[in-house]
Amino acid sequence: MDEVRTQLSRSEAEQWLAEHAITSVRVEGTNLDGTLIGKNVSVAKFLSGLESGFAFADIAAFGLDLGNVAYFGFAMPPWRTNMGDIFLRVDTTTLCVWEPGRASVIGDFWTADGKPLSACPRHALRRAMTGAGEQGYGIKVAVEMEATVFEESLQQARLRGYRDLTPLGGAAGACYVLAKSGDWDAYMRAVVARLDELAIPWEAWNDEAASGQVELNLAIGDPLTVADRWVRARQVMREVADRLGHSVTFMAKWCDEFGQASHLNLSLERDGANAFYAPDGPSELMTHFLGGVMASMPGTTSLAMPWITSYRRLVDLEGPPTTVSWGVGNKTTAIRAVVGHPAYSRIEYRVPGSDSNVYLVLAAVIGTGLAGVDQRREPPPPSDLMAWRLPAGAERLPRTMTTAAEALAGDKALSAALGQELIDYWIGTRRWEWLTYHRHGGGPDSDLTGWEARRYFELA
Amino acid sequence: MTTSDAAGAGTAESLLVTAEDDPTPLVLSLSRTVRAAGRRPELRAAAATLTGVIGVRSSADHQSATFRSSGGRIHIVHGVSADADLVIGWDAATEFELRTLPGQDDERIAVLTAVLNPPLPPWQDAATRFWRQTGSDPGMPGKLVVRCTDTGEELALGDAPAGVILAGGANQLARTLSGLGNLFDDLYAGALSLAGTLPQLSVLCGAHWKVKFHG
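Residues numbered from 1 in each chain as written. Chains lettered and ligands numbered in written order. Predicted model: local features only at pLDDT ≥ 70, side-chain atom pairs only at ≥ 80, totals over all residues. Heavy atoms only, no water.

- Chain A appears in an unreviewed UniProt entry as Glutamine synthetase from Glycomyces artemisiae.
- According to UniProt, the comment filed for chain A under the heading Sequence similarities (unreviewed entry) is "Belongs to the glutamine synthetase family." (UniProt positions renumbered as here; feature names shortened; annotations may be inferred.)

Written as structure tokens, this is what we have:
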């Protein structure tokens with residue numbers, strides 16, 4: 001199917017819609033929690049809202065938790081009023097045919113008085129990219145997506161409270177196993193077929209470590225394009241699961257098996273060449289970028305691990321990083337540095353869970369990395385050890401939502417990168433989540449709770 | 001979110017109240033309550049007599065905590081410790097009415113009941129203290145008018161020309177402004193009323209939590 005690649009005027013959009021026999025358009029945006037939200041509008045309404053944007057109630061778009069209760073308990077930014085409107089202005093470069101008769105377009109949220117909405121993660125990522133451009137750098141990223149697919153339909157999963165489900169493809173095996181049952185293979189083939197239809201380039205998919213777990217790797221691109229593809233790919237994986245009578249979750253952990261991540265691969269380029277490349281290790285630029293990212297890693301963890309369940313993934317010796325660490329070719333550290341290759345030199349940021357908001361985490365990593373470049377910040381020494389179960393003294397990633405939020409609150413580089421309003425809004429909503437969990441979910445020592453399953457299975 | 005009540009945050013020479021790192025909301029709330037009790041000499045003296053390991057478990061949900069007390073030091077952690085020598089139920093709705101089992105006659109129950117239920121101050125004092133602790137926080141309205149619906153009396157806090165009005169009965173105002181209960185729930189249930197905006201409600205909820213957990 002066709003995808004638009006340049007901004008369209010009203011007349012060009014009208015012509016495009018007519019040529020593709022579009023009768024409705026789904027206008028979409030990602031909120032701070034990483035949820036894809038939107039409206040289906042008629043062609044006439046779409047054309048009339050091209051410049052003005054599409055109204056959303058502020059509280060409904062950015063003010064409800066995943067349990068459909070309003071977030072309270074913090075100072076609201078000026079754009080939060082008595083359920084006033086904010087506006088989604090579409091980016092017509094993302095316009096595509098989602099299915100016959102229906103188009104899809106992604107946008108950014110703006111305030112009623114025409115300012116970028118401070119809590120809009122797509123704006124935050126755009127700002128980070130602008131910052132890189134002003135320093136003369138382009139950015140390339142790639143996203144790894146992990147999810148778990150189940151034999152049961154979403155309706156069946158709901159009836160069971162999202163517990164005691166049957167992982168698709170069986171419980172036997174380890175990772176990269178090809179001897180999966182046909183239903184598992186059929187699901188992923190259907191997913192990538194839809195991605196192909198939508199012109200979302202992908203590189204690979206495979207069996208991941210836990211039962212029913214899949215990994216899908218999206219192709220490299222600029223951050224905004226890749227983040228848009230990420231949110232659409234998640235939607236595709238959900239829609240395909242539903243069509244085939246299955247269900248899928250991006251919870252960081254849905255049972256006691258291995259959790260699931262969303263690793264981000266990132267490099268800077270200058271004049272079309274990979275600026276992280278040096279023949280004998282990280283380039284000086286990459287070193288300073290690492291210095292900035294490492295310095296803010298505890299605070300960024302709040303963004304990379306947004307939910308109560310996210311922290312259940314941090315188990316030593318189970319794959320995810322647990323320490324503030326980096327190393328060359330070391331996948332036990334929080335950042336794996338890939339060095340010495342003219343094209344592939346990059347950082348692999350391994351902290352984010354599959355439940356994280358890629359727009360937001362990319363903005364944080366890019367922003368703090370660029371701050372490191374600006375300050376010529378040196379990272380701590382690389383680790384060539386196994387970065388789990390280290391003796392006392394090794395700095396660990398924050399282990400809870402509260403401690404991660406505290407680290408974020410004290411991180412000036414992240415405030416500068418994302419804006420204080422976004423940081424304050426985020427911390428306020430995380431405190432709400434923490435309180436809600438303790439009132440209705442469980443305690444620090446609880447095993448995965450039904451509250452978490454009901455809250456995160458479909459929306460995280 | 002904060003990890004307040006760090007070691008050394010005592011309320012008097014004879015009573016030191018500490019909480020675990022990264023405390024739960026219940027641990028924070030219990031710590032604040034014991035500290036509030038410690039501001040009254042008779043309760044401070046009573047609290048200083050507590051000894052042993054006492055668990056408290058909510059009768060309505062999963063929340064629980066343990067007091068480790070000795071020599072005027074009380075350390076509060078989440079969960080009921082396996083070595084607790086006394087476990088008592090408590091009522092989440094009342095914060096913190098204890099519910100003993102038949103036959104439970106440990107003399108520490110009476111002490112803990114008193115310490116966890118210090119007398120409420122007059123609503124005016126609670127409001128003044130609430131405002132002193134939160135009035136200058138980001139987003140707070142420049143003026144808070146507390147109106148007692150029992151008497152019609154009003155107390156204006158802050159000197160901005162306009163602000164919000166929080167109204168309720170004297171006892172309810174004293175409870176809420178002392179950090180008991182949940183401001184939003186009390187509004188939702190109609191026990192309190194508010195003339196203010198949604199953003200002002202939000203920041204007042206946060207102010208209430210600040211008093212509840214760190215006051």
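Next, the rest of the story.
### Digging into the packing of aromatic side chains
All names here are of chain A.
Next, step 1: Going through the model one piece at a time under the given rule, you end up with 20 aromatic pairs over all chains.
Next, step 2: Seen from their ring centres, Phe 46 and Phe 54 are 6.1 Å apart, and the 10° between their planes marks the pair as stacked. Neither residue differs from the other here; Phe 46 and Phe 54 are each classed as buried.
Next, step 3: On the numbers, 5.7 Å between centres and 85° between planes, the contact of Phe 56 with Phe 109 is edge-to-face. Pair noted here: Phe 56 is in strand β3 (residues 54-57) and Phe 109 is in strand β6 (residues 102-110), with a separation of 53 residues, a long-range link. Side by side, Phe 56 and Phe 109 carry an identical accessibility label, which is buried. (Phe/Tyr/Trp six-rings, centres within 6.5 Å; stacked < 30°, edge-to-face > 60°. Buried < 20%, exposed > 50% of the residue type's maximum accessible area, 1.4 Å probe, protein only. Helix = DSSP H or I, 4+ residues; strand = E, 2+ residues; numbered from the N terminus.)

### Focus: empty space enclosed by the protein
Residues and elements named next belong to chain A.
Next, step 1: Scanning all chains against the criterion turns up one cavity of 30 Å³ or more.
Next, step 2: What the largest cavity holds in volume is close to 50 Å³.
Next, step 3: Mapped onto the lining of the largest cavity, the elements with two or more residues apiece are α3 (58-62) and α13 (420-441).
Next, step 4: It is α13 that contributes the most residues to the lining of the largest cavity, three residues altogether.
Next, step 5: Residue composition of the lining of the largest cavity, by class: six nonpolar, two polar and two charged.
Next, step 6: Residue-level mapping places the lining of the largest cavity at the junction of two domains, with at least three residues from each of domain 1 (10-117) and domain 2 (130-456). (1 Å grid on protein atoms, 1.4 Å probe; cavity = no way out; pocket = protein on both sides within 12 Å on 5 of 7 lines; lining within 4 Å. Points joined across faces, edges and corners; volume = space filled by probe spheres on them. Nonpolar A, V, L, I, M, F, W, Y, C, P; charged D, E, K, R; others polar. Domains from an automatic or database assignment.)

### Details of the pattern of salt bridges
Next, step 1: Applying the stated rule across the entire model yields 34 salt bridges over all chains.
Next, step 2: Note that Asp137(B) and Lys210(B) form a salt bridge whose closest N and O atoms lie 2.9 Å from each other. With Asp137(B) in the loop between α4 (123-134) and β7 (144-148) and Lys210(B) in helix α7 (residues 198-214), this residue pair connects regions lying 73 residues apart in the sequence.
Next, step 3: You can call Asp137(B) partly exposed: its relative accessible area is 24%.
Next, step 4: Taking the relative accessible area as the measure of exposure, Lys210(B) reaches 29% and is therefore partly exposed.
Next, step 5: Connected via shared salt-bridge partners are Asp91(A), Asp108(A), Arg122(A), Arg126(A) and Asp228(A). (Salt bridge = Lys/Arg side-chain N within 4 Å of Asp/Glu carboxyl O.)

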